[in-house]
Structures are given as C-alpha cells and as structure tokens.
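A closer look at the structure
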Amino acid sequence: MDDDRSQLANALRQHLLLERGFGVEAYPRGGVVPAPAPLPSAPRPAPAAPAAAPAAPPIDPTMPESLDRIAAEIAACRACGLCAGRTNTVPGEGAAQAELVFIGEGPGADEDAQGRPFVGRSGELLTKMIEAMGFARNQVFIANVVKCRPPGNRAPEPAEMAACIGYLHRQLALIKPKVICTLGNTPLRAMTGDPKKGITSVRGQILDWNGIPLVPTFHPAYLLRNPPAKKPCWEDLKVVLKVLERTAGRP
Ligand code: URA
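Keep in mind that what you see is a predicted model, and the values were worked out from it rather than measured.

**Quick look at the overall build of the chain**
Along its length, the chain carries nine helices and six strands. Within the span of the chain, comprising 251 residues, buried residues form 39% of the whole. Counted over contacts in the chain with a minimum sequence separation of 6, partners at least 24 positions apart contribute 70%.

**A few points about the pattern of salt bridges**
Under the defined criterion, the tally for this structure stands at ten salt bridges. The partner of Glu 93 in a salt bridge is Arg 137, and the shortest N-O contact between them spans 2.9 Å. Taken together, the positions of Glu 93 in strand S1 (residues 93–94) and Arg 137 in the loop between helix H4 (121–132) and strand S3 (141–144) put the pair 44 residues apart, joining distant regions of the chain. Glu 160 serves as the salt-bridge partner of Arg 154, at 2.8 Å between the closest nitrogen and oxygen. We classify Arg 154 as partly exposed; its relative accessible area is 29%. Judged by its relative accessible area of 9%, Glu 160 is buried.

**Re the site of the ligand**
Around the ligand sit Gly 104, Glu 105, Gly 106, Glu 111, Pro 117, Phe 118, Asn 144 and His 219, and those are all the residues in its vicinity. Phe 118 places a polar main-chain atom, nitrogen or oxygen, 2.9 Å from an oxygen atom of the ligand. Look at the ligand: alone it shows 240 Å² of surface, and the protein chains cover 91% of it. The residue inventory of the shell around the ligand, partitioned by class, reads two nonpolar, four polar and two charged.

**Regarding the packing of aromatic side chains**
Enumeration according to the criterion identifies one aromatic pair in this entry. Across from the ring centre of Phe 135, 3.9 Å away, lies the NZ or CZ of Arg 246, which sits over that ring.

**Regarding the pairing of strand S2 (residues 100–104)**
Within S2, five of the five residues are buried, leaving the element largely enclosed by the surrounding structure. Of the two faces of S2, the one lined by Leu 100, Phe 102 and Gly 104 and the one lined by Val 101 and Ile 103 are each fully buried. Both S2 and strand S4 (residues 179–183) contribute to a ladder of four bridges, which runs parallel. Directly across from Ile 103, in S4, lies its bridge partner Thr 182. As judged from the four bridges shared by S2 and S3, these two strands associate in the parallel manner. Considered in S3, the bridge of Val 101 is made with Phe 141.

**Let's talk about the environment of Glu 73**
Within the secondary structure, Glu 73 sits in helix H2 (residues 67–76). Taking C-alpha positions, Glu 73 is 8.6 Å from Pro 58, a pair spaced 15 residues apart along the chain. In this structure Glu 73 touches Ile 59, Tyr 167 and Arg 170, once residues within four positions along its chain are discounted. Polar side-chain contacts of Glu 73 include one of 2.7 Å to the side chain of Arg 69.

**Description of the nonpolar core**
Among the nonpolar cores identified, the biggest contains 54 residues, and Leu 100, Phe 102 and Met 133 are the most heavily contacted of them. In terms of residue count, helix H5 (residues 158–175) provides more of this core than any other element does, seven residues in total. Apart from residues no more than four positions distant in its own chain, Phe 102 is found in contact with Leu 126, Ile 130, Met 133, Val 140, Phe 141, Ile 142, Ala 143, Cys 181, Leu 183 and Leu 237.

**Thoughts on unusual backbone geometry**
We note that Phe 118 has phi near 50°; this positive angle belongs to a residue other than glycine. Within the secondary structure layout, Phe 118 lies in the loop between helix H3 (109–114) and H4. For Phe 118, a relative accessible area of 5% puts it in the buried group. Phi angles above zero are rare outside glycine, and Glu 245 is one such case at about 55°. Looking at the secondary structure, you find Glu 245 in the segment after helix H9 (230–243).

Rules used in this analysis
- Residues numbered from 1 in each chain as written.
- Predicted model: local features only at pLDDT ≥ 70, side-chain atom pairs only at ≥ 80, totals over all residues.
- Heavy atoms only, no water.
- Helix = DSSP H or I, 4+ residues; strand = E, 2+ residues; numbered from the N terminus.
- Buried < 20%, exposed > 50% of the residue type's maximum accessible area, 1.4 Å probe, protein only.
- Contact = heavy atoms within 4.5 Å.
- Salt bridge = Lys/Arg side-chain N within 4 Å of Asp/Glu carboxyl O.
- Near = heavy atom within 4 Å.
- Polar contact = N/O pair within 3.5 Å; in protein donor to acceptor, adjacent residues only side chain to side chain.
- Areas by Shrake-Rupley, 256 points an atom, 1.4 Å probe, with all protein chains shown as cover.
- Nonpolar A, V, L, I, M, F, W, Y, C, P; charged D, E, K, R; others polar.
- Phe/Tyr/Trp six-rings, centres within 6.5 Å; stacked < 30°, edge-to-face > 60°.
- Lys NZ or Arg CZ within 6 Å of the ring centre and 35° of its normal.
- Pairing = 2+ DSSP bridges.
- Core = buried A, V, L, I, M, F, W, Y, C linked by side-chain atoms within 4.5 Å.

The structure is reproduced here in structure tokens:
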C-alpha cells in the first residue's frame, strides 16, 4: 500500500515537473477551461501594404555550400508570391551540427518582424519543450517548411512549399541531425510528401526521412489551444530522446 502511494506520489511529481517544464504554473479549478468561442469580428480596414523588403546582395556563385550561403539565397529568393509580403526572411537558426532539428510550418508576424523562427507565443512554448528535454535552445536547430510569412497566418500553399522545400532539404543535408521532430501537419506532410497524412494518427511514431529518424508531434500553437495535448506531446518528445539515447532534464 505504502509502495503504491509512493509510486503515485512519484508519478504526480514527475507530471508536475513536466507541466512546469512546459510553462504550466497554475491549474484552473474544475479542470481545463475550454477556449471561448471567437467573437464575430467587425470588418477591419485593409492592412497597409508592407514596405518592400530591401533587395538582398547578390550571391557569390563560388561561395561553398553552407548554412550562411543557404540563408543568403533565401534572402534573395523570389521563387513564390510570399516574397511580396515579407519584412524579413526566416531561414532558421541554431547549432550547425545539431543532433536534433525541429521543423515548423512557416513564420508568423513576430518571426517575420525579427527574421528568427519561433519567437512568438508558440516559440516560448517550444523553447520550454526544448529545455524540458534537456537542451538549450541554441543546441538544436529550428527551421520551417517555408521561409517567408504566409499572409494572415494561413497555411502555406502546396506551390509555396514546393518552391521552398529545397532550402530545408539542403539545411538538413548539411546539419545531418540524428533525429528530426516535425511540429504539426504541415511539416509532416511536406517531409513525407503525403498531403493526406494527419498528425493524430502518426504522432510519436518513428518515420524515416532519407535515413534520418523523424518523429512527428503537435505544433506548439495547437498545444496552446489544447493544453491536454501536452501530455501525448511529451510522450513524443521522449521518443525523440530515446532515439538520441538521452534522458530528460534541464540543460
Ligand atoms: N509557427 C511556425 O510554424 N513557425 C514559426 O517560426 C513560428 C510559428
């Protein structure tokens, strides 16, 4: 009986540590409160046209392949319509030899403003997830399927993904991570080439991308809307850690 109780207490302690790692500091009384239905929005004036992004300097064709070269090509890219609305390109950031690469969908407003991936609310949660796994954010690499912000935070269209995915493939070929973790449906579909794949049915499985294990999990924005999904997400991140032969803990 005492054993049962101490096992239960241990499990509870582990769970609370995990929740804290994910940034949960307090719990609503009576369970999770569903998000309120969105209010019907009043028509808004059309946003002002974004200022045209400054032209990027030309690329020296003799420059050897590197993450910097790829970033320079992205800065000059006009391969799809997303370039028209961007403030900054968001090539990705992190360790050039990261063991672990996270792949999101595409930059949002905060990322477009700063030229860095996952720096808004989703990014705060992703950083907590990374730290709960025992990494510092700069020890992993964080990238997106598309490198320019889709307007209104819509999902990137197939033609936009097709125009951009080569940059991500080249980044992965250079970094050679031991494992890739995709966040949400868009990167899962882009990396498997299967537009019908859904995160709920494959999350936590170990897929394969060109010989590199790929573990799909939920997007942090989904976790912010659906806090109970943090638990299965943590299970998925433990699969990632298992591939890396690491245990969770603070960096
Ligand atoms: N969501 C993404 O998918 N990527 C980002 O960089 C930020 C939010």
